[in-house]
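# Descriptive structure summary
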Amino acid sequence: MLSETLTSILKKLPAKSVHAHCDGPCGVYDPASARIAAEAVLSMTKKLIALAPAGNDQASISAYNNTFSRFVAIKEEESQKTKKELLILWTDYFKPEHLSAYPDLHDTFWKAAKLCSACKVNIDQTKAEELLAAVQKIHSMFWSTKGRNDNWVTAS
Amino acid sequence: MTTGLRQADKSLFQKLDLFTFFAIVIGYRQHLRVVGNSMEGTLSEGDLIIYKKINQKNIDLAIGDIVVAFHPKIKNKLIIKRVYRIFQNTFDLRGDNFRSSTDSREWGLINLNIIVGKVERIITK
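Because the structure is a prediction, the values reported are computed rather than measured. Numbers given to residues run from 1 along each chain, matching the order in which its sequence is written. To label them, take the chains in the order written and letter them from A, then take the ligands in the order written and number them from 1. For this predicted model, a pLDDT threshold of at least 70 governs which residues receive local features, and a threshold of 80 or more governs which side-chain atom pairs are given and counted, while totals over whole chains, interfaces and linings are taken from all residues. Based on all heavy atoms of the structure, the side-chain values leave hydrogens and waters out of the count.

### Remarks on the overall build of chain B
Each helix and strand in chain B was counted, giving 2 helices and 8 strands. Every one of the 125 residues in chain B was classed for burial, and the buried ones make up 50%. When contacts within chain B are restricted to residue pairs at least 6 apart in sequence, long-range pairs at least 24 apart make up 57% of them. Counting from the N terminus, the helices are DSSP H or I runs at least four residues long and the strands are E runs at least two residues long. Remark: exposure states derive from per-residue accessible area (1.4 Å probe, protein chains only) relative to the maximum for the residue type, with buried under 20%, exposed over 50%, and partly exposed in between. Pairs of residues are marked as contacts when any of their non-hydrogen atoms sit within 4.5 Å.

Okay, structure coming up:
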């Protein structure tokens, strides 16, 4: 009875915080941002491959060049974004302990980062699809470390 | 070098007694509220801990103890971790929830002079 009363009083007293968490926003890691960016890379790659001038006149060529440039810019930007998101997961979220469960973790991330570069400098649908597959593999690894089995759901 | 694994200490979860409460009131013991989940398994967010300040002349820390320390990189931020290894007067501090913990695996060994106290009691929320 006395103990409960004292505990109740103590809980109402103001207390400073002591932190038992990570330096970053703890737990706020999600491969979804990499997945969205990688999907955008694939989408822009497909659009670039399918893109053709509407005609041979100057206006059509100008419109084509303008759209082509915009698509390339977006593809490069999204490729870079994918790489950034993957590097955050690789260097900040995954810890040495995860290597025992996933011995190919470093290799997977390294190859995924390389694919980001390949997608950035080329218009290559195969590479873009490989990148998305690599992100899917990382998605599975990530959620597995949290004891979850979240479905891989794409936006497009 | 001494090494060891996490040691669960049931005595930390004893009920609050009048002596400890009085010690807090007069400032002989301090209490803090836990934020975050890096000690999940032992401490949850919102739990209260009561700690005794370290006497730098008479260190009584052992492997398995839960300690309060200053963050080695962020000024005036208090952290709570478990002593995982001891190397003379430096400490390898780890969170019990190793997958969600920033600790000595990133900071390196922690010097004794930034360890503030040793947890003596845990009051679950």
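### Details of helix 6 (residues 125-145) of chain A
Residue and element names in this part refer to chain A. In a helix, the anticipated span is given by 1.5 Å times the number of residues less one. Given a rise of 1.5 Å per residue, 21 residues ought to cover 30 Å, and the 30 Å separating the end C-alpha atoms of helix 6 matches this to within 8%. Of all the positions in helix 6, only Ala 128, Leu 131, Leu 132, Ala 134, Val 135, Ile 138, His 139, Met 141, Phe 142, Trp 143 and Thr 145 are classed as buried. Buried residues along helix 6 sit in contact with helix 2 (32-50), helix 3 (58-93), helix 4 (98-101) and helix 5 (105-121). Residue Asp 124 occupies the N-cap position of helix 6, its side-chain oxygen lying 3.0 Å from the main-chain nitrogen of Thr 126. Phi turns positive one or two residues past the end of helix 6, at Gly 147, with a value near 70°. Two N or O atoms count as a polar contact when they lie within 3.5 Å, although within protein this holds only if one can serve as hydrogen donor and the other as acceptor, and sequence-adjacent residues are included solely when both atoms are side-chain atoms.

### Observations regarding the interface of chain A and chain B
Taken together, the contacts link 24 residues of chain A with 36 residues of chain B. Accessible-area loss on putting two parts together, using a 1.4 Å probe and summing over both, is the definition of buried area adopted here. When chain A packs against chain B, close to 2800 Å² is buried across both sides, 60% of that on carbon and sulfur atoms. On the chain A side of the contact with chain B, Leu10(A), Val18(A) and Ala20(A) bury the most area, a combined 24% of that side's loss. Here, a salt bridge means any side-chain nitrogen of Lys or Arg that lies within 4 Å of a carboxyl oxygen of Asp or Glu. Applying the counting rule to chain A against chain B returns 3 salt bridges. One salt bridge in this structure joins Lys95(A) and Glu106(B), with 3.7 Å as the shortest N-O distance.

### Quick word on the nonpolar core
Among buried residues, the Ala, Val, Leu, Ile, Met, Phe, Trp, Tyr and Cys ones that are joined through side-chain atoms within 4.5 Å form a nonpolar core. With 25 residues, the main nonpolar core has Leu86(A), Leu89(A), Phe94(A), Phe109(A), Leu131(A) and Phe142(A) as its most contacted residues. Secondary-structure elements contributing two or more residues to this core are helix 2, helix 3, helix 5 and helix 6 of chain A. The greatest single-element share of this core, amounting to 9 residues, is contributed by helix 6 of chain A. With residues near it in sequence (within four places) discarded, Leu131(A) still touches Ala38(A), Val41(A), Thr82(A), Ala112(A), Leu115(A), Cys116(A) and Cys119(A). Leu12(B), Leu43(B), Val116(B) and Ile122(B) belong to the second largest nonpolar core, which has 16 residues in total.

### Structural notes on the confidence of the model for chain B
Residue and element names in this part refer to chain B. One confidence number per residue, pLDDT, is output by the predictor and ranges from 0 to 100. When pLDDT is averaged along chain B, the result is 85, and 93% of the positions lie at 70 or above. Averaged pLDDT values over the elements of chain B bottom out at 36 in strand 1 (residues 2-3) and peak at 95 in strand 4 (residues 66-70). As scored by the predictor, the complex reaches a pTM of 0.53 and an ipTM of 0.84.

### Notes on unusual backbone geometry
Residues and elements named next belong to chain B. With phi around 65°, Asn 76 is a residue other than glycine that occupies positive phi space. Residue position: Asn 76 is located in the loop between strand 4 and strand 5 (78-87). One non-glycine residue with positive phi stands out, namely Gln 88, at about 50°. Mapping Gln 88 onto the fold places it in the loop between strand 5 and strand 6 (90-94).

### Topic: the environment of Gln125(A)
Residue and element names in this part refer to chain A. Inspection of the secondary structure puts Gln 125 in helix 6. Through-space distance from the C-alpha of Gln 125 to that of Met 44 is 9.4 Å; in sequence the pair is 81 residues apart. Gln 125 has contacts with Leu 42, Thr 45, Lys 46 and Ile 49, leaving out every residue within four places of it along the chain.

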